[in-house]
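Okay, here's what each chain looks like letter by letter:
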Amino acid sequence: MNRKKKILLALGLLLLAGLALIWTIGTSLIAAHRVQVGPAPTEWHAQTIQLASSSGATLSGWWIPGEPHQGAVILLHGVRSTRAGVSNRVPFLHAQGCSVLLFDLQAHGESRGEHITYGKLESLDAAAAVAFVRTNAPGERIAVIGTSLGGAAALLAEPPLNVDALVLESVFPTLQQATEDRLAIRFGWTGKFLAPLLTWQLRPRLGIGVDELKPIEHARSNTIPKLFIAGTTDQHTTLAESKALFAAAAEPKELWLVEGAHHTDMYGFGPAEYEQRVGAFLNKIIRRDPATKP
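All figures in this text were calculated on a predicted structure; none of them were measured in a lab.

With respect to the sheet that holds strand β3 (residues 58-64)
If you walk across this open sheet you meet the eight strands as β2-β3-β5-β4-β7-β8-β9-β10, and the pairing is mixed. The sheet is open, and its two borders are formed by β2 (47-52) and β10 (253-258), each paired with just one other strand. Neighbour-to-neighbour, the strand axes of the sheet open up by a mean angle of 20°, direction not taken into account. Where β2 meets β3, six bridges bridge the pair, whose relative direction is antiparallel. Opposite threonine 48, over in β3, you have tryptophan 62 as the bridge partner. Across the sheet, helix α3 (residues 122-136) lies against β2, β3, β4 (72-76), β5 (99-103) and β7 (142-147), angled at about 150° from β5, the strand it touches most. Against the sheet, helix α9 (residues 239-248) contacts β9 (226-231) and β10, and its axis sits at roughly 170° relative to β10.

Next up, the structure:
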């Protein structure tokens, strides 16, 4: 074999190895995140529940009834997390009298599901949660607090979720941007050029395209009152992207920029300010005077 053929063969093998690596990375990104969550803390008097979602998954969660007329809150966790990841908000919300539902999104925690779909199927889980609360807390106003993937799922729901308020923490405007941001953290400016090698896999693997995962497009027409929360030093969803998402969103809307926060648990970053700001937003929307009619 002459030198030229050896070089071409080596390049071909290198290309195949690269494609195999990209495919393997894609496999890991959509793989289910299965972990045991365990029972809820006894002081919550939580009921362990299961929800049937039109995503095809049976969802495991906790339902914590509150006081009449104080509203209900659904907590949606981020990618590769579980309901335990947002459970630190429960004492604060329950102390306000709110009913609280938290559960594992499909393909997470103790819920069923084959693949993480970055909001597509998870939006159906969010809708199933809303239906559960409407049945088990009739007449209550409902808010959703969604973190990252959870917030994207809340925005991607079609039709829009039948709720009264949305709190959206660290939500990516588009999955394409989210992929580019994460690759940029690892590989610098070249990361954006690698992103298409991952996002093109969505169609053959999951039957969905990257253009279907654009929360910003759904925010444009979503007229539910929204509170957007973003960290000023977040590299996974940049400050510019968070501002663009807020700017595109339909009114009514509010924005809270958390100084110095990364792509992190916003409640854990600053519990006191979180309780003050989020509590004020929720109280003016979901609390109801007992004398008023639904």
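Some words on the packing of aromatic side chains
Per the stated rule, a full pass over the model turns up eight aromatic pairs. When the ring of tryptophan 44 is compared with that of tryptophan 62, the centres are 6.0 Å apart and the planes differ by 70°; the resulting orientation is edge-to-face. With tryptophan 44 in the loop between β1 (33-34) and β2 and tryptophan 62 in strand β3, this residue pair connects regions lying 18 residues apart in the sequence. Tryptophan 62 carries the same exposure label as tryptophan 44, and that label is buried. Measuring from centroid to centroid gives 6.4 Å for phenylalanine 92 and tyrosine 274, while their planes differ by 85°, and the two rings are edge-to-face. Of this pair, phenylalanine 92 sits in helix α2 (residues 90-95) while tyrosine 274 sits in helix α11 (residues 271-286), and the two are 182 residues apart along the sequence. Grouping aromatic residues by their ring pairs yields a cluster made of Phe92, Trp256, Tyr267 and Tyr274. One cation-aromatic arrangement involves lysine 253 over phenylalanine 246; the distance from NZ or CZ to the ring centre is 4.7 Å.

Structural notes on unusual backbone geometry
Residue glutamate 158 is joined to proline 159 through a cis peptide bond whose omega torsion reads -5°. Of note, proline 159 is situated in the loop between α4 (149-156) and β8 (165-169). Each neighbour pair has its own omega, and for glutamate 251 with proline 252 the value is -5°, a cis peptide bond. If you trace the backbone, proline 252 turns up in the loop between α9 and β10. Backbone geometry at tyrosine 118 places phi at a positive 55°, although glycine is not the residue there.

Looking at the pairing of β9
Across the six residues of β9, six count as buried, placing the element largely inside the fold. Across the two faces of β9 the burial is the same, with Lys226, Phe228 and Ala230 and Leu227, Ile229 and Gly231 all buried. As judged from the four bridges shared by β8 and β9, these two strands associate in the parallel manner. Each bridged residue has a counterpart across the sheet, and for valine 167 the counterpart in β9 is leucine 227. Where β9 lies against β10, six bridges are found, and the strand directions are parallel. Across the sheet, leucine 227 pairs through a bridge with glutamate 254, a residue of β10.

Some details on the confidence of the model for the protein
Mean pLDDT for the protein: 93, with 96% of residues reaching 70 or above. In the model, residues 290-294 has pLDDT below 50 throughout and makes four contacts with residues more than four positions away in sequence or in other chains.

Considerations on the nonpolar core
Residues Ile74, Leu101 and Val133 are the most contacted members of the largest nonpolar core, which totals 50 residues. Ignoring any residue separated from it by four or fewer positions in sequence, one finds isoleucine 74 in contact with Leu101, Phe103, Ala129, Val130, Val133, Ile142, Ala143, Val144 and Ile145. Membership of the second largest hydrophobic core comes to 31 residues, among which are Val86, Leu227, Ala261 and Leu282.

Rules used throughout
- Residues numbered from 1 in each chain as written.
- Predicted model: local features only at pLDDT ≥ 70, side-chain atom pairs only at ≥ 80, totals over all residues.
- Heavy atoms only, no water.
- Pairing = 2+ DSSP bridges.
- Helix = DSSP H or I, 4+ residues; strand = E, 2+ residues; numbered from the N terminus.
- Axes fitted to C-alpha atoms, helices over the stretch in contact; angles between N-to-C directions.
- Contact = heavy atoms within 4.5 Å.
- Phe/Tyr/Trp six-rings, centres within 6.5 Å; stacked < 30°, edge-to-face > 60°.
- Buried < 20%, exposed > 50% of the residue type's maximum accessible area, 1.4 Å probe, protein only.
- Lys NZ or Arg CZ within 6 Å of the ring centre and 35° of its normal.
- pLDDT = per-residue confidence, 0-100.
- Core = buried A, V, L, I, M, F, W, Y, C linked by side-chain atoms within 4.5 Å.

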